[in-house]
Amino acid sequence: MAYDDEEQLEAIRDWWHRYGRLVIIAAIAVLAAVLGWQQWTAWQERQAANASADYAAILQALNSDDREAAGNRLRTLREAHADSPYVAMATFAVATAAMDAGNPGRAADALGWVTDQQADSPLAVVARLRQAEALRVEGDRSAALAVLEPLPNGPLRGRFLELQGDLEVAQGNTDAAIEAYQQALQAISGQRRSLVEIKLFDLGGAPAS
């Protein structure tokens, strides 16, 4: 049976009396969620822009050979944006400048921040490799070997193993070096593979069959 206009109006009033408050609350909740998400997105964009500006300032300071200013700005970037990938990239730039200036110890210390504070970042693997290389130049081969562990999977595994072999050679551990080079050959291709083969043959070793 169809409602007439008065009955329909009464039905609507009854429904609103029962559920109107819930509808208002739900609408407010949805509006708050939308506004909150917009504010969060805007905040993230501002943070990314600020981190980008700090990164650009660090590069500019390094280009001006002002390593002190670059280091100070890097500390500011780390404090304000510890999880940003700009921190790792800025650290790589500062570490490279330190290596070029003949200060591998400072480079290793800078890279250690990335490996400690951004351990889950894909860039942490790059930082570990560069830190180990800096420690090798510094002469701290034991620390360099420790930084290389655990060996990662992925495209840098061969480079890790090659450096491990180099460090073992420097410490007089020929058998360990041969094993590292043999494993490296399983993960390296191209010109790098030829270089590792030369290192292996110089030790009297041969590629693993």
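Residues numbered from 1 in each chain as written. Predicted model: local features only at pLDDT ≥ 70, side-chain atom pairs only at ≥ 80, totals over all residues. Heavy atoms only, no water.

**Q** So, the packing of aromatic side chains: which residues are in play, and what are the values?
**A** Per the stated rule, a full pass over the model turns up 1 aromatic pair. With a centroid separation of 5.6 Å and 45° between ring planes, the pair formed by Tyr55 and Tyr86 is classed as tilted. Of this pair, Tyr55 sits in helix H1 (residues 5–63) while Tyr86 sits in helix H3 (residues 85–100), placing them 31 residues apart in sequence. The lysine or arginine in question, Arg130, covers the ring of Phe92, its NZ or CZ lying 4.6 Å from the ring centre. (Phe/Tyr/Trp six-rings, centres within 6.5 Å; stacked < 30°, edge-to-face > 60°. Helix = DSSP H or I, 4+ residues; strand = E, 2+ residues; numbered from the N terminus. Lys NZ or Arg CZ within 6 Å of the ring centre and 35° of its normal.)

**Q** Describe in detail helix H2 (residues 67–80), supporting the description with residues and values.
**A** In this model H2 runs 20 Å from its N-terminal to its C-terminal C-alpha over 14 residues, within 8% of the 20 Å that 1.5 Å per residue would give. Looking only at H2, the buried set comprises Ala70, Gly71, Leu74, Leu77 and Arg78. Seen along its axis, H2 keeps its buried residues to an arc of 120°; they face one direction. Exposed and facing more than 90 degrees away from the buried side of H2 are Glu68 and Glu79. (Expected span 1.5 Å × (residues − 1). Buried < 20%, exposed > 50% of the residue type's maximum accessible area, 1.4 Å probe, protein only. Arc of directions from axis to C-beta.)

**Q** An account of the confidence of the model for the protein chain is needed here, citing residue identities and associated values.
**A** With 80% of its residues at a pLDDT of at least 70, the protein chain reaches an overall mean of 86. Mean pLDDT across the elements of the protein chain ranges from a minimum in H1, with 70, to a maximum in helix H6 (residues 141–148), with 97. (pLDDT = per-residue confidence, 0-100.)

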